[in-house]
Amino acid sequence: MHLTHLECPRCGEQHPADKLQNLCECGSPLLARYDLAAVAAEVTPEQFGLRPADLWRYRELLPVADPRFVTTLGEGWTPLLRAPTYGHEIGIPDLIVKDEGLTPTGSFKARGAAVGVSRARELGVERIAMPTNGNAGAAWATYAARAGMGATIAMPLDAPTICRRECVAAGADLRLVDGLISDAGRWVAGLVAESGGRVFDAGTLREPYRLEGKKTMGYEIVEQLGWQVPDVIIYPTGGGVGLIGIHKALHELRELGWVEDRLPRLVAVQSTGCAPIVRAFAAGEPRATPWADAHTLAFGITVPAPLGDELILAALRESGGTAIAVEDEEILVDLRDFAAREGLLLCPEGAACLTAARHLRAGGWIRSGERVVVLNTGAGIKYPETVDVSGVPTV
């Protein structure tokens, strides 16, 4: 393992990586840092192709030192699927979807859970607790069970029912909260404070290793494109860990010398019913203010006050990217249109990225001939209510 320390991106303070850490004293999430020169001397890009097709192929750039603590269900190495029919219709012939719905728990959250649980296990954690909009809780409950670790999961009453069932099936202590993920977060904070150190807060960006699992999406995109970067990467953004992780991966790849200096423009997609990042980006603000009365059918991006707002906004601006909010009604139309033309049922958050791509191409922000990668962050079959079958005739 080449992990050297944890670093605060806000104040620059360094923290040891060999003990449990949550936020920096200044309130910022911490980022894992590696000896990238040592990594470059030890491994070359060509070697990854000889390794198993999972995210642990990038083990030199992950934080688990002892392989005995690796907790895995085969997550990672999801396909890049070209979408030429739909792409031509919206003016992006080189449109590619990375389908995270094929991960073990049906969403990209399995990546963060695999690495986060593995590192927590290595550092001696016996029980984790976290708030969730659904899929993250299901993933962390599942991987905690595989690791022999306890899990307390708090989620809003309106979260997808399947995620609730996944948590119960995995033996987690599930708590339902009448409110939003921010309300669930306050309940978890109270639980952790009262536990006297017996419960570790694994909420979004409150520990530094979930991000390390998510960043492997960035490594995979580049490796799957023959160690080339696309022009644009479009990501549905709630807590923003996936977008922050991809941005981190791209910078690590550039420092390693495995990609050229030109990096993709990143796009954060939100719903018009919950768009704190879009509002802050448009105003040129470094931080987002909480979104009042947050609501959207794309439940995974219903995060009114993301803890990683600074990191999300910095990633967008550093990459020359943008942020865009889309309507729920358009999300459902694009979800159906894409499925009918390409044969892939996206989750609503993934479909939101298609809506964003369509608008950005129509407005000229995405230019002719550019290669665009859209992240479908979960399996569409986990959201059956997005497809209306009430008008289907009985014969």
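Please refer to the structure higher up on the page.
Residues numbered from 1 in each chain as written. Predicted model: local features only at pLDDT ≥ 70, side-chain atom pairs only at ≥ 80, totals over all residues. Heavy atoms only, no water.

A.B. asks: Can you break down the overall build of the protein residue by residue, with the values?
C.D. replies: When its secondary structure is counted, the protein shows 14 helices and 13 strands. For the protein, whose C-alpha radius of gyration is 20 Å, the value lies close to the compact-globule estimate of 21 Å for 395 residues. Once the C-alpha set of the protein is aligned to its principal axes, its extents read approximately 55 × 50 × 45 Å. In the protein, which comprises 395 residues, the proportion classed as buried is 59%. Across the protein, contacts joining residues at least 24 apart in sequence account for 71% of those joining residues at least 6 apart. When the accessible area of the protein is evaluated, it comes to approximately 15400 Å², of which 51% is carbon and sulfur surface. Positive and negative side-chain charges in the protein, numbering 38 and 49 respectively, have mean positions lying 2 Å apart. (Helix = DSSP H or I, 4+ residues; strand = E, 2+ residues; numbered from the N terminus. Rg over C-alpha atoms; globule rule 2.2 N^0.38 Å. Buried < 20%, exposed > 50% of the residue type's maximum accessible area, 1.4 Å probe, protein only. Contact = heavy atoms within 4.5 Å. Areas by Shrake-Rupley, 256 points an atom, 1.4 Å probe, with all protein chains shown as cover. Lys, Arg positive; Asp, Glu negative; His and termini not counted. Charge placed at Lys NZ, Arg CZ, Asp CG, Glu CD.)

A.B. asks: Account for helix α10 (residues 241-256), with residues named and values stated.
C.D. replies: The first and last C-alpha atoms of α10 sit 22 Å apart over 16 residues, in line with the 22 Å expected at 1.5 Å per residue. Burial analysis of α10 places 13 of its 16 residues in the buried class, the great majority of the element. Just downstream of α10, G257 is the residue with a positive phi angle, here 85 degrees. (Expected span 1.5 Å × (residues − 1).)

A.B. asks: I'd love a proper account of empty space enclosed by the protein, names of residues and values included.
C.D. replies: The full count for this structure, using the stated rule, is one cavity of 30 Å³ or more. Here the largest cavity defines a volume of roughly 40 Å³. Around the largest cavity sit K19, L20, Q21, G116, A120, L123, F200, E207, P208 and Y209, which together line it. When the residues that make up the lining of the largest cavity are grouped by side-chain class, the tally is six nonpolar, two polar and two charged. (1 Å grid on protein atoms, 1.4 Å probe; cavity = no way out; pocket = protein on both sides within 12 Å on 5 of 7 lines; lining within 4 Å. Points joined across faces, edges and corners; volume = space filled by probe spheres on them. Nonpolar A, V, L, I, M, F, W, Y, C, P; charged D, E, K, R; others polar.)

A.B. asks: Describe the sheet that holds strand β1 (residues 3-7), with residues and values.
C.D. replies: Reading across from one edge, β2-β1-β3 is the order of the three strands in this open sheet, with antiparallel pairing throughout. If you trace the sheet from one side to the other, it starts and ends with β2 (14-15) and β3 (31-34), each paired once. Of the pairings in the sheet, the one linking β1 to β2 comprises two bridges and is antiparallel in character. Looking at the pairing, E7 lines up with Q14 of β2. (Pairing = 2+ DSSP bridges.)

A.B. asks: Talk me through the pairing of strand β12 (residues 322-326); I want residue IDs and the actual numbers.
C.D. replies: Most of β12 sits inside the fold, with four of its five residues counted as buried. Strand direction decides the pairing type here: strand β11 (residues 265-271) and β12, joined by five bridges, are parallel. By the bridge assignment for β12, Q270 is matched with A325.

A.B. asks: Lay out the sheet that holds strand β6 (residues 127-131) in plain terms, naming residues and giving numbers.
C.D. replies: The sheet built from four strands is open, its strands ordered β8-β7-β6-β9 with parallel pairing. A single partner strand is all that each edge strand has here, and the edge strands are β8 (173-177) and β9 (200-201). Alignment of β6 against β9, held across two bridges, turns out to be parallel. If you follow I128 over to β9, its bridge partner there is F200. The strands that helix α5 (residues 135-147) touches are β6 and β7 (150-156); relative to β7, the one it contacts most, it runs at about 170 degrees. Where helix α7 (residues 181-194) meets the sheet, it contacts β6, β7, β8 and β9, and its direction lies at approximately 150 degrees from that of β6. (Axes fitted to C-alpha atoms, helices over the stretch in contact; angles between N-to-C directions.)

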